[in-house]
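Listed below, chain by chain, are the residues.
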Amino acid sequence: MSHPFNVAELAATYASKSPQDILKLAFEHFGDELWISFSGAEDVVLVDMAWKLNKNVKVFSLDTGRLHPETYRFIEQVREHYKIQIEVISPDQTRLEPFVKEKGLFSFYKDGHGECCGIRKIEPLRRKLSTVKAWATGQRRDQSPGTRSQVAALEIDGAFSTPERPLYKFNPLAQMTSEEVWGYIRMLELPYNSLHERGFISIGCEPCTRPVLPNQHEREGRWWWEEATQKECGLHAGNLIAKN
């Protein structure tokens, strides 16, 4: 399959460029076909930057059915703030209901989060991305030294591409730090998830997210009962570091 541009070459060229430059590149090649993934935490920075470049920006968010009430309210806040549609995608009930019937609502504490995330996050995301040519995420290298330290500005999505249908993945915030993200939010007075005011930094599903203590890394608040190099739900499976 030929590509509209040299991915590796552009990834190297844009490795040190601004998030806005990376988004401009994405819109230049994909226009309104670029989708922004909004997870309901600090991805508002990505949405803000993209919206300022393209008022018709397309945004989607995954509703696992286990999010905090504050996260649902935040998604609605962002929808109202930018006057945009946010496509909220839910799990397939024909897969979710048998899983819950068999294993209950908290099986992940015993056998890991992989199966639950697979049903609540990965399948809905795969369903969405099967209709998409390119997407942009709010991944940052400093979010998880264990799994995200090599996040590229641009890549072929190794988890959701097919040989017949390559999926282009942009990570415009890759080199931004948490401090820079929050400086941007405060400076522009953007809406944010109120859980951040209670010590939550990395925010996912309610049972799998907790506040962190001073000087703890943000990823320590996610899946704290599991081994550090496996702390991905599968949305960015290419980040996982294989166990020896």
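As the structure is a computational prediction, the values presented were derived from the model and not from experiment. (Residues numbered from 1 in each chain as written. Predicted model: local features only at pLDDT ≥ 70, side-chain atom pairs only at ≥ 80, totals over all residues. Heavy atoms only, no water.)

Peer 1: Could you clarify how one ought to interpret empty space enclosed by the protein in this entry?
Peer 2: Remark: the empty space left among the atoms is shown by a probe the size of a water molecule rolled over them. Summed over the entire model, instances satisfying the criterion amount to two cavities of 30 Å³ or more. As for the second largest cavity, its lining consists of 13 residues, and the residues nearest its centre are Cys116, Cys117, Arg120, Cys205 and Cys208. Looking at the lining of the second largest cavity residue by residue, the class counts come to seven nonpolar, two polar and four charged. (1 Å grid on protein atoms, 1.4 Å probe; cavity = no way out; pocket = protein on both sides within 12 Å on 5 of 7 lines; lining within 4 Å. Points joined across faces, edges and corners; volume = space filled by probe spheres on them. Nonpolar A, V, L, I, M, F, W, Y, C, P; charged D, E, K, R; others polar.)

Peer 1: Hey, could you run me through the UniProt feature "binding site: [4Fe-4S] cluster" (unreviewed entry) in the chain in this one?
Peer 2: Within the UniProt annotation, "binding site: [4Fe-4S] cluster" (unreviewed entry) is assigned to Cys116, Cys117, Cys205 and Cys208. Judged by maximum C-alpha separation, these annotated positions cover 93 residues in sequence but sit close together in space, the widest gap being only 11.0 Å. Those annotated residues lining the second largest cavity are, specifically, Cys116, Cys117, Cys205 and Cys208. Secondary-structure assignment places cysteine 205 in the segment after helix H8 (178–188). Looking at cysteine 205, the relative accessible area reads 11%, which means it is buried. Sequence-distant contacts of cysteine 205, defined by excluding residues within four places in its chain, comprise Thr64, Arg66, Leu67, His68 and Lys121. (UniProt positions renumbered as here; feature names shortened; annotations may be inferred. Helix = DSSP H or I, 4+ residues; strand = E, 2+ residues; numbered from the N terminus. Buried < 20%, exposed > 50% of the residue type's maximum accessible area, 1.4 Å probe, protein only. Contact = heavy atoms within 4.5 Å.)

Peer 1: Just checking my understanding: could you explain the nonpolar core for this structure?
Peer 2: In summary, soluble globular proteins display a tendency toward joint burial of nonpolar side chains. Core analysis: the largest hydrophobic core is formed by 41 residues, its most contacted members being Leu34, Ile36 and Phe170. Counting only elements with at least two residues in this core, the list comes to helix H1 (7–13), helix H2 (19–30), strand E1 (34–37), helix H3 (44–53), helix H4 (69–82), strand E4 (134–136), strand E6 (168–170) and H8. With eleven residues, the next largest nonpolar core counts Trp35, Ile89, Leu125 and Val132 among its residues. (Core = buried A, V, L, I, M, F, W, Y, C linked by side-chain atoms within 4.5 Å.)

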